[in-house]
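Structure assessment
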Amino acid sequence: MRIPGPDHPITITRNPKRIRITVDGQVIAETDQALTLKEASYPPVHYIPRADTNMALLAKTDRTTHCPYKGDASYFSIAAGGATLANAIWSYEEPFPAMTEIAGFLAFYPDKVKIEELPA
């Protein structure tokens, strides 16, 4: 386990905008409770509460990955628009202590879904 610091900064802030996630026009998630994680030089990632996500469209997969800063991620596929988008979402169910704010939240791959920031 690595701790974020000056050599690898990670910040988590509440996004003041409304975030909408869609697939072929179908809303998968919409929230004004998103967290935005900024990690080192990577693009920012919006983490969405499950309560604001249509979980009926998601199916957990067997895929897992490990981040030395955040912990083990699990993945979900999305069934929408007549297709299945495999492993389009990741989630840290039990992240390392420094990242507990994102526990159970969902992050969506921007190349698989449409992510919009809307006025609050």
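For the structure, see preceding data.
Every value quoted in this text rests on a predicted model; they were computed, and no experiment measured them.

**Overview of the side chain of S74**
Following the sequence through the fold, S74 ends up in strand β7 (residues 71-80). The class of S74 is buried, set by a relative accessible area of 8%. Polar contacts involving the side chain of S74 include one to the side chain of E93, which spans 3.0 Å. Once you skip the residues sitting within four places of it in the chain, S74 turns out to touch K60, R63, I89, W90, S91 and E93.

**Digging into the nonpolar core**
Among the nonpolar cores identified, the biggest contains 17 residues, and I21, I28, I48, L58, I78, I89 and F108 are the most heavily contacted of them. Contributing elements (two or more residues each) for this core: β2 (18-23), β3 (26-31), β7, β8 (83-91) and β9 (106-108). Discounting chain neighbours no more than four positions away, the residues touching I89 are L58, S74, Y75, F76, I78, L106, A107, F108 and Y109. In terms of nonpolar packing, the next biggest core, distinct from the first, is built from 16 residues, I10, L35, A73 and A107 among them.

Calculation notes
Residues numbered from 1 in each chain as written. Predicted model: local features only at pLDDT ≥ 70, side-chain atom pairs only at ≥ 80, totals over all residues. Heavy atoms only, no water. Helix = DSSP H or I, 4+ residues; strand = E, 2+ residues; numbered from the N terminus. Buried < 20%, exposed > 50% of the residue type's maximum accessible area, 1.4 Å probe, protein only. Polar contact = N/O pair within 3.5 Å; in protein donor to acceptor, adjacent residues only side chain to side chain. Contact = heavy atoms within 4.5 Å. Core = buried A, V, L, I, M, F, W, Y, C linked by side-chain atoms within 4.5 Å.

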